Amino acid sequence: MKKLMQCAGKISPQENGEFWMVAYTGRKMDLTGWDAPVVFDLKDIVFYKDSTPILFSHDRSMILGVSTEQYILQAEEVLKVQDKTFVGPAVVMRWKPTNSETQTVSILENIKNGFPYECSLGVEPETVLMVPEGKTFEANGIIFEGPLLVPSPGRILESSICVFGACAGTQSFKAAQADDQGGFDMTKNVKIPPEKEPADTMNASQMNTPAPGENAPRTMNAANIPDLENWKKTMEAEQQETLRVSMIRTAAGMMTAGYSPIELDGAKFENAEAAARFAVKTNVSADEFQAACRKAVLDRPVGPAIHIQDKTITSEVMECALMNQVRKSVNIPEEKTPTVDKKYRHYGMEAWYSPKVREAADRPELRDLTLHGILDQIYFECHGHHYQGNRKSNAFFAEMRETIDTMKIRRAMNAAGSGPINLSYLWKEAAQKTVIASFNELPTTWQDWVQITATPDFRPQAKVWFGGDNRLAPLGSDGTIELGTMFDESLMVRSDTFAKAYKASRQALYNDDLGAIVEYWNGIGELVPATIDEVAYGSLLNNFDKFFTAEKGNLLTGENSALSLESIERAANLFENMVDRNGQSIYVVPDMILTGQPLRKTATQIYSESNPIISYLIGSGEEIRMHEVKNDFVGRYRPVISGYLSNTNLRQNVYKELKGKPFPNQSSTLWFMACSKASRAPFYLACVGGSPTPHIETFDDDPLTLGTGIKIYSDFNFNAGDTSLMIACTGN
């Protein structure tokens, strides 16, 4: 698991225009949003580059400078550089300004004038080790007691100057604090000695913890504590208060110009500093303060000291990250790509998301997105902090449900439609895109011989083509034009709605099984094209005797109808002999052979093999000779193969009255000659709006489904057209 982490430290100015900073002191940090305190083990931390960028408040647009020297000091390791002395554990950097913008110059002047800025590291760890309660972990020369989180190994990507850092009790220092020997001793500025870290299980004589507001350590032991238990409770309360104040200041320090007024406890404040002072005085929790900051700056999360570096997490970014997960099991192209039949809209990641959104979604902590991770991010968006309880419990899902309802209300109030992350909306959009990808990729064949026609609604519509006295006449000798007759040739087509609803299992939610939900979406996406395929072929076979008759001239039977060069020529002649009601040619040219798997090889040979295709012996006695039959149909009739025409194991499943019944008129010798493009067609798929692309709606009637119920529907219907434009050959 990779996650960009940030921790606080100290900074001091140098007289020659360069600056020193102590970015981390090896201590434990209590951070909002994390289930346990956090410690960086300096043995497993390295600098990503020889020169590290120096930013302001982790804002990539606020570049202050670059490091010229950088050190990672282990426990008790001493570094003496010119007039400075540093004692580990610590991350120490010397840096020079590189930016001359006004705001940067102002920050540097504040440092020189003694403003107590603190520092923060931007660290990208590979994994996070969980030290459980009751266990200990030694790092940075300190023995820490669990529960504890240890991110490692990690790379230091940047260091930032901040108004407040993450570690409670840290403070900035300046050059005037150098000791009498001209050096600088870090131990004078670290309230907790680096060789021992206090823990709840340590006895009173081992404790050396500063009280809020004190500048010097306060040593306590059992002899001067009249009531040890009350003293422990007092110390715990003081530590919690110190942490509360520190986290409020941290959140306030990360707020920049350009935000809306902050509303807190019924009052409005024009800036974060004023709101923070109010929060400290009125015992507002750090979570409440951060939630107020988030509400003021929805597009820029103001988070805990450990948070992602790119502060933009929008619903679209989360959706894109989710679709990156979907692509692992669903064929979604990276760039705009036409569908298999090249008739529908372009789709793919590039068509759906801008480069900025795709880049924001490709951050380390979103690359292995989980279901519970999505839910927790939604919770964070709503409440300003992560969920603190067990994520595999009814309480978690109940809390998530309440949060999602809150987010729905917020989204409804946002006219622009770009409000906080909402699971139902996220689910709907991701499922819709998954369904479209699955719809376009399923290898159906109905679209090869069925023509799509648009209808405005579900009422029967007339499908009209030109008919009448359809030839021009010579101009009369007196210049008159002959008046022709006209009539409409038409048929009625209509659309219908095919739909179904599904719900993800409760077990998948508890198991955090996002992969199962993605596969479930993928399967739903295949429902519409598979349904169209069955409706089309089912109608063709169920009404075979109605569509194809000798009277219509579109049926070949007997041994001479078996698929061969001779039978293809006979079927082609039938097409050429078709005429309209005026006895005129309709100019329909067939271009495909539609058949089942048993005739695949024969149809493919006729379409692709070079001449001669067939050789056999004729004659008798000395007159026996080889006879070659020339294939004149190479490349003319492309084969379209469908199991519906020959696979007798298939059963009908769309219409209730036919459910479970076999498809009639199937045969291993059956084949059709058809055309794909003409002014009229043998069959039409009438679609509302002109496309059978499926649509998705979410529903959540079960409190534990969290909006994962999906309704899928498509508006289409199969209609017979001029069926004489398809020739059926039974082959027997």
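Above: the structure in question.
Residues numbered from 1 in each chain as written. Predicted model: local features only at pLDDT ≥ 70, side-chain atom pairs only at ≥ 80, totals over all residues. Heavy atoms only, no water.

Trainee: Would you mind going over the overall build of the protein chain with me for this structure?
Mentor: Counting its regular elements, the protein chain contains 17 helices and 28 strands. Counting the 732 residues in the protein chain, one finds 50% classified as buried. Intrachain contacts of the protein chain at a sequence separation of at least 6 include 73% that bridge at least 24 residues. Working note: accessible area of the protein chain is about 34,500 Å², and carbon and sulfur atoms make up 49% of it. (Helix = DSSP H or I, 4+ residues; strand = E, 2+ residues; numbered from the N terminus. Buried < 20%, exposed > 50% of the residue type's maximum accessible area, 1.4 Å probe, protein only. Contact = heavy atoms within 4.5 Å. Areas by Shrake-Rupley, 256 points an atom, 1.4 Å probe, with all protein chains shown as cover.)

Trainee: Looking at this structure, I do not really get the pattern of salt bridges. What am I missing?
Mentor: Opposite charge on two side chains permits pairing when their charged atoms draw close. Counted under the stated rule, the structure contains 9 salt bridges. A salt bridge links Asp376 to Arg391; the shortest N-O distance between them is 2.9 Å. Here Asp376 is found in helix H8 (residues 371-383), whereas its partner Arg391 is found in the loop between H8 and helix H9 (394-413), with 15 residues between them in sequence. On the basis of relative accessible area, Asp376 is assigned to the buried category, the value being 5%. Across the salt bridge formed by Arg459 and Asp457, the nearest N and O atoms sit 2.7 Å from each other. Overall, Arg459 belongs to the exposed group, its relative accessible area being 57%. Each member of the salt-bridge network shares a partner with another, and the members are Glu319, Glu429 and Lys433. (Salt bridge = Lys/Arg side-chain N within 4 Å of Asp/Glu carboxyl O.)

Trainee: Looking at this model, I keep getting lost on unusual backbone geometry. Mind explaining?
Mentor: With glycine set apart, most residues show a phi of negative sign, and most peptide bonds adopt trans. With an omega dihedral of 5 degrees, the bond running from Gly88 to Pro89 counts as a cis peptide bond. Considering the arrangement of structural elements, one finds Pro89 in the loop between strand S7 (84-87) and strand S8 (90-97). Cis geometry is adopted by the peptide bond preceding Pro147, which originates at Gly146 and carries an omega value of 5 degrees.

Trainee: What is the right way to look at helix H10 (residues 423-441) in this model?
Mentor: Think of an α-helix as 3.6 residues a turn; residues three or four steps apart then line up on the same face. In this model, H10 (19 residues) spans 27 Å end to end at C-alpha, consistent with the 27 Å of a helix rising 1.5 Å per residue. By the criterion of burial, H10 is predominantly enclosed, with 16 of the 19 residues buried. (Expected span 1.5 Å × (residues − 1).)

Trainee: Teacher, can you tell me more about a negative patch on the surface here?
Mentor: The grouping of Glu566, Glu569, Glu576 and Asp632 at the surface amounts to a negative patch. With respect to the helices, strands and loops of the structure, Asp632 is situated in the loop between strand S22 (625-629) and strand S23 (638-641). (Patch = residues over 30% accessible without salt bridge, like charges linked within 9 Å, V, L, I, M, F, W, Y side chains within 5 Å. Lys, Arg positive; Asp, Glu negative; His and termini not counted. Charge placed at Lys NZ, Arg CZ, Asp CG, Glu CD.)

Trainee: I would appreciate a short explanation of the packing of aromatic side chains in the present structure.
Mentor: The relative placement of two aromatic rings is captured by the distance of their centres and the angle of their planes. Enumeration according to the criterion identifies 23 aromatic pairs in this entry. With a centroid separation of 5.3 Å and 45 degrees between ring planes, the pair formed by Trp20 and Phe86 is classed as tilted. In this pair, Trp20 is assigned in strand S2 (residues 19-24) and Phe86 in strand S7, connecting sequence segments 66 residues apart. Aromatic ring contacts, followed pair by pair, group Trp449, Tyr537, Phe544, Phe547, Phe548, Tyr644, Phe663, Phe672, Phe683 and Phe718 into a single cluster. Geometry around Trp352 places Lys433 over its ring, the cationic atom sitting 5.7 Å from the centre. (Phe/Tyr/Trp six-rings, centres within 6.5 Å; stacked < 30°, edge-to-face > 60°. Lys NZ or Arg CZ within 6 Å of the ring centre and 35° of its normal.)

Trainee: Explain the sheet that holds strand S24 (residues 671-674) to me, please; I cannot follow it from the model alone.
Mentor: Paired through their backbone hydrogen bonds, the strands of a sheet run either parallel or antiparallel. Spatial strand order, S19-S28-S24-S20-S23: 5 strands in an open sheet with mixed pairing. Strand pairing shows two members of the sheet lacking a second neighbour, strand S19 (555-556) and S23, which therefore form its edges. Where S19 and strand S28 (residues 727-729) come together, 2 bridges link them in parallel fashion. Within S28, the position partnered with Leu555 by the bridge is Ala728. The sheet contacts of helix H16 (residues 565-576) involve S19, strand S20 (592-595), S24 and S28, and relative to S24 the element is tilted by about 40 degrees. (Pairing = 2+ DSSP bridges. Axes fitted to C-alpha atoms, helices over the stretch in contact; angles between N-to-C directions.)

Trainee: Explain the nonpolar core to me, please; I cannot follow it from the model alone.
Mentor: One broad trend across soluble globular proteins is that nonpolar side chains are buried collectively. Counting 82 residues, the largest nonpolar core has Trp449, Trp521 and Phe672 as the members making the most contacts within it. Take this core: its biggest share by element is 9 residues, from H10. What Phe672 contacts, discounting residues up to four positions off in sequence, is Leu540, Phe544, Phe548, Met592, Ile593, Leu594, Leu645, Met726, Ile727 and Ala728. One finds Tyr24, Val38, Val39 and Leu149 within the second-largest nonpolar core, a separate group that totals 36 residues. (Core = buried A, V, L, I, M, F, W, Y, C linked by side-chain atoms within 4.5 Å.)

Trainee: Explanation requested: the packing of H8 against H10 in the structure shown.
Mentor: Helix packing for two helices is described by the angle between their axes and how far apart those axes are. Between H8 and H10, the shortest axis-to-axis distance is 11 Å and the interhelical angle comes to 135 degrees. The orientation of H8 relative to H10 falls into the category oblique. In contact with Leu371, Ile374, Leu375 and Ile378 of H8, H10 contributes Leu423, Leu426 and Trp427. Along the lines of polarity and charge, the residues of the contact of H8 with H10 split into 7 nonpolar, no polar and no charged. (Parallel < 35°, antiparallel > 145°, perpendicular 65-115°, else oblique. Nonpolar A, V, L, I, M, F, W, Y, C, P; charged D, E, K, R; others polar.)

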